[in-house]
Amino acid sequence: MSCSRRHFIAGMGAVIFMTGPVNRTLAQTMSINGIRYGMVYDETRCIGCTACMDACREVNKVPEGVSRLNIIRSGPTGEFPEAKYQFYRHSCQHCDNPPCVDVCPTGASYKDAATGIVDVNPDRCVGCQYCIAACPYRVRFIHPVRKTADKCNFCRDTNLAQGKLPACVESCPTKALTFGNLDDPNSEIVKLIENRTTYRAKVHLGTEPKMYRIPSKHGEIKG
Amino acid sequence: MGSLRSLFKGGLLMLVSMFALTAMSSSAEPVPEQKTEVSSEYKVELQRNPDYACTQCHKDAKDGMHGAHSKAINPNNQLPVTCTNCHGKITPEHRNGVADAMRFNEDMFPVDKQNQVCMTCHQPEKLRTALWAHDVHILKTSCASCHQLHPTKDPVQGLDQKGQIKLCVDCHSKQQQQYHKEKETP
Ligand code: SF4
Ligand code: SF4
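Residues numbered from 1 in each chain as written. Chains lettered and ligands numbered in written order. Predicted model: local features only at pLDDT ≥ 70, side-chain atom pairs only at ≥ 80, totals over all residues. Heavy atoms only, no water.

The name an unreviewed UniProt entry assigns to chain B is Cytochrome c nitrite reductase pentaheme subunit, from the organism Limnobaculum parvum.

Going by the annotation in an unreviewed UniProt entry, the name recorded for chain A is Cytochrome c nitrite reductase Fe-S protein, with Limnobaculum parvum given as the source organism.

Written out as structure tokens, the structure reads:
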């Protein structure tokens, strides 16, 4: 079989045509009432105490063995007594363009139009695990009791519903976490992102994550 | 009269039997063996308890050493740990509260001076294995702000996950409050 350069380029065109303009529904792209929740995780403030992990587990009744939120500690770098550690928040990035939602065959995974929060409706989830495979941040898991996909939803049905901040934000002793509306120019979170150097994980994938990070002063930034 | 005599007799019998009992119980106890020192020709024997002078004043339950260090061997000289091993020597002004003997978890001595004492025996690698957080606190806060050595049990030893987190949270939230207060009051 011969695969000429001409055929190859023509084929590429077809691929670009098919993947390029993704059909987006209104609900997926725009926020109503201008609320688009996001979070800033300040690696320079985090002390790795894992109080946030504990609070999340408690408030959202996450069973042992799985977790919606992990603080990953790396290091130490440098010599005692100047040894340094780095911390990384591993949890749903609440992508504006979430691949987990795109692949869900039942519509159980969705982005809430009113808040921009990516959530799972356990009643519709059939446990096929497509979303787990599709999520480039590897933050989804099957809830061992409900047998449906689960992950961080910014405490949408728990703390947020009661008018409180997400459990992790509330419990953090060093105020390393800032939660707020990215579409409100006067919000604390927007000011923080404007004034500090931030990065987001794997932006090159086009997922548009809404989890911003203020990089640690030590070591490499591994976005 | 007859009854008195029998009472006397009975008392005597009781006394005798009691004596016999105590004698039996004491003979049942294992006799502590006399320890014979093997090959220590020039072994220096301490003539008196090196802690004697200190414990004349610091003798109550709070000041006494009841924790693990009461049985610890100082790795630097292979002798039991004494008061002065950690607290150093005192001066004639000691009773007036001058900064002579090392006081742990008190502002009188800088953190590095306090922790240097602990680090003469405790090695960084072991501390790191026990808890990574040792690494990041060693220059910032005194060991004694978390550990208590004198009581029988160091309260942070054997803390569960929740207890450990609470320790971090309590201290660091206080630190935050202080920081904000300082920022507000110029
Ligand atoms: S981080 Fe993963 S689970 Fe969260 S929105 Fe993005 S793709 Fe979905
Ligand atoms: S509670 Fe705050 S400081 Fe502690 S691990 Fe979580 S983000 Fe870091």
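K.L.:
Got a minute to help me understand the nonpolar core in this structure?
P.N.:
Core analysis: the largest hydrophobic core is formed by 29 residues, its most contacted members being A:Met39, A:Tyr41, A:Phe87, A:Phe154, A:Cys168, A:Leu177 and A:Phe179. Those elements that place two or more of their residues in this core are β1 (37-42), α3 (51-59), β3 (84-90), α6 (167-171) and β8 (177-181) of chain A. It is β1(A) that provides the largest number of residues to this core, a total of three residues. Discounting residues that sit within four places of it in the chain, A:Phe87 has contacts with A:Tyr41, A:Glu43, A:Cys46, A:Ile47, A:Gly48, A:Ile71, A:Ile72, A:Arg73 and B:Trp132. (Core = buried A, V, L, I, M, F, W, Y, C linked by side-chain atoms within 4.5 Å. Buried < 20%, exposed > 50% of the residue type's maximum accessible area, 1.4 Å probe, protein only. Helix = DSSP H or I, 4+ residues; strand = E, 2+ residues; numbered from the N terminus. Contact = heavy atoms within 4.5 Å.)

K.L.:
What am I meant to see in the pattern of salt bridges here?
P.N.:
Two side chains of opposite charge can pair, provided their charged atoms sit close to one another. Residues and elements named next belong to chain A. Tallying each qualifying case throughout the model produces 17 salt bridges over all chains. In this structure, Lys111 and Asp96 form a salt bridge, with 3.3 Å as the shortest nitrogen-oxygen distance. With Lys111 in strand β4 (residues 109-111) and Asp96 in the loop between β3 and α4 (99-103), this pair connects stretches of sequence that are 15 residues apart. For Lys111, a relative accessible area of 11% puts it in the buried group. The partner of Glu208 in a salt bridge is Arg200, with the nearest N and O atoms 3.5 Å apart. (Salt bridge = Lys/Arg side-chain N within 4 Å of Asp/Glu carboxyl O.)

K.L.:
Before we go on, may I ask you to explain the pairing of β3(A) in this structure?
P.N.:
Both faces of the sheet carry side chains from a regular strand, because those side chains alternate between them. In this structure, strand β2 (residues 70-77) of chain A lies alongside β3(A), joined through six bridges in antiparallel fashion. Each residue of the ladder has a partner; that of A:Thr77, found in β3(A), is A:Lys84. (Pairing = 2+ DSSP bridges.)

K.L.:
Please explain the site of ligand 2 as it appears in this structure.
P.N.:
Around ligand 2, the neighbouring residues are A:Tyr41, A:Cys46, A:Ile47, A:Gly48, A:Cys49, A:Thr50, A:Ala51, A:Cys52, A:Ile71, A:Cys172, A:Pro173 and A:Thr174. For the shell around ligand 2, the per-class residue count stands at nine nonpolar, three polar and no charged. (Near = heavy atom within 4 Å. Nonpolar A, V, L, I, M, F, W, Y, C, P; charged D, E, K, R; others polar.)

K.L.:
Explain the UniProt feature "domain: Cytochrome c-type protein NrfB-like" (unreviewed entry) in chain B here, please?
P.N.:
Listed under "domain: Cytochrome c-type protein NrfB-like" (unreviewed entry) in the UniProt record, and renumbered for this structure, are residues 83-171 of chain B. Taken as a whole, residues 83-171 of chain B contains 42% helix and 0% strand, while its terminal C-alpha atoms sit 29 Å from one another. (UniProt positions renumbered as here; feature names shortened; annotations may be inferred.)

K.L.:
For this particular structure, what's the right way to read the sheet that holds β8(A)?
P.N.:
Note on sheets: strands pair through backbone hydrogen bonds, and any given pair is parallel or antiparallel. All names here are of chain A. Ordered in space as β8-β1-β9, the three strands form an open sheet in which the pairing is mixed. Each edge of the open sheet carries a strand with a single partner, namely β8 and β9 (211-214). Neighbour-to-neighbour, the strand axes of the sheet open up by a mean angle of 20 degrees, direction not taken into account. Note that β1 and β9 share four bridges and pair parallel. The partner of Met39 across the bridge, within β9, is Met211. Lying on the sheet, helix α7 (residues 188-195) is in contact with β1, β8 and β9; it crosses β8 at an angle near 115 degrees. (Axes fitted to C-alpha atoms, helices over the stretch in contact; angles between N-to-C directions.)

K.L.:
Quick question: what am I supposed to make of the interface of chain B and chain A here?
P.N.:
Between chain B and chain A, the residue contacts involve 16 residues of the former and 18 residues of the latter. Each partner contributes to the roughly 1600 Å² buried at the junction of chain B and chain A, and carbon and sulfur atoms together form 65% of this total. The interface formed by chain B and chain A holds two salt bridges in total. With a shortest N-O distance of 2.8 Å, A:Asp54 and B:Lys162 are connected by a salt bridge. Put simply, chain B and chain A have three residue pairs in polar contact (both at pLDDT 80 or more) between them. Counting residues per element, the ones that place at least two in the side of chain B that touches chain A are α5 (124-130), α6 (133-137) and α7 (161-184) of chain B. Ranked by residues supplied to the side of chain B that touches chain A, first place goes to α7(B) with eight residues. (Buried area = accessible area lost by both parts, 1.4 Å probe. Polar contact = N/O pair within 3.5 Å; in protein donor to acceptor, adjacent residues only side chain to side chain.)

K.L.:
Before we go on, may I ask you to explain unusual backbone geometry in this structure?
P.N.:
Of all residues except glycine, most have a negative phi; of all peptide bonds, most are trans. Residue and element names in this part refer to chain A. Between Gly75 and the following residue, Pro76, the backbone shows a cis peptide bond with an omega angle of 0 degrees. Note that Pro76 resides in strand β2. In this structure, Pro81 follows Phe80 across a cis peptide bond, with omega equal to 0 degrees. Along the chain, Pro81 turns up in the loop between β2 and β3. If you check the backbone angles, His94 has positive phi at about 50 degrees while not being a glycine.

K.L.:
I would appreciate a short explanation of the layout of surface pockets in the present structure.
P.N.:
Space inside the second largest pocket adds up to approximately 320 Å³. Residue classes in the lining of the second largest pocket are distributed as six nonpolar, four polar and three charged. (1 Å grid on protein atoms, 1.4 Å probe; cavity = no way out; pocket = protein on both sides within 12 Å on 5 of 7 lines; lining within 4 Å. Points joined across faces, edges and corners; volume = space filled by probe spheres on them.)

K.L.:
Could you clarify how one ought to interpret the confidence of the model for chain B in this entry?
P.N.:
One rule of thumb: low pLDDT means the predicted coordinates there are not for detailed reading. Residues and elements named next belong to chain B. On average, residues of chain B carry a pLDDT of 82, and 78% of them reach 70 or more. Predicted confidence is poor over residues 15-29, with pLDDT under 50, and the contacts of this stretch with residues over four places away or in other chains come to zero contacts. At the level of chain-chain contacts, confidence expressed as ipTM amounts to 0.78, with global pTM at 0.78. (pLDDT = per-residue confidence, 0-100.)

K.L.:
What's the story with the packing of α3(A) against α7(B) in this structure? I'm lost.
P.N.:
Any two packed helices are characterised by how steeply their axes cross, that is the angle between the axes, and by the distance between the axes. At a closest axis distance of 10 Å, the pairing of α3(A) and α7(B) adopts a crossing angle of 125 degrees. Relative to α7(B), the element α3(A) lies oblique. Judged by the sense of rotation from one axis to the other, the crossing of α3(A) with α7(B) is left-handed. In this structure, α3(A) uses A:Ala51, A:Asp54 and A:Glu58 to contact α7(B), whose residues at the interface are B:Lys162, B:Ile165 and B:Val169. The residue inventory of the contact of α3(A) with α7(B), partitioned by class, reads three nonpolar, no polar and three charged. (Parallel < 35°, antiparallel > 145°, perpendicular 65-115°, else oblique. Left-handed = near helix turned anticlockwise from the far one by under 90°.)

K.L.:
Help me understand the packing of aromatic side chains, please; the structure alone is not making it clear to me.
P.N.:
Think of a pair of aromatic rings as described by two things: how far the centres are apart, and how the planes are tilted against each other in angle. Residues and elements named next belong to chain A. Under the criterion given, the structure shown has four aromatic pairs over all chains. Taken together, the ring pairs in this structure connect Tyr37, Phe154 and Phe179 into an aromatic cluster. Here the basic side chain of Lys202 rests over the ring of Tyr137, its NZ or CZ set 5.7 Å away from the ring centre. The positively charged end of Arg213 is found above the aromatic ring belonging to Tyr88, 4.2 Å away from the centroid. (Phe/Tyr/Trp six-rings, centres within 6.5 Å; stacked < 30°, edge-to-face > 60°. Lys NZ or Arg CZ within 6 Å of the ring centre and 35° of its normal.)

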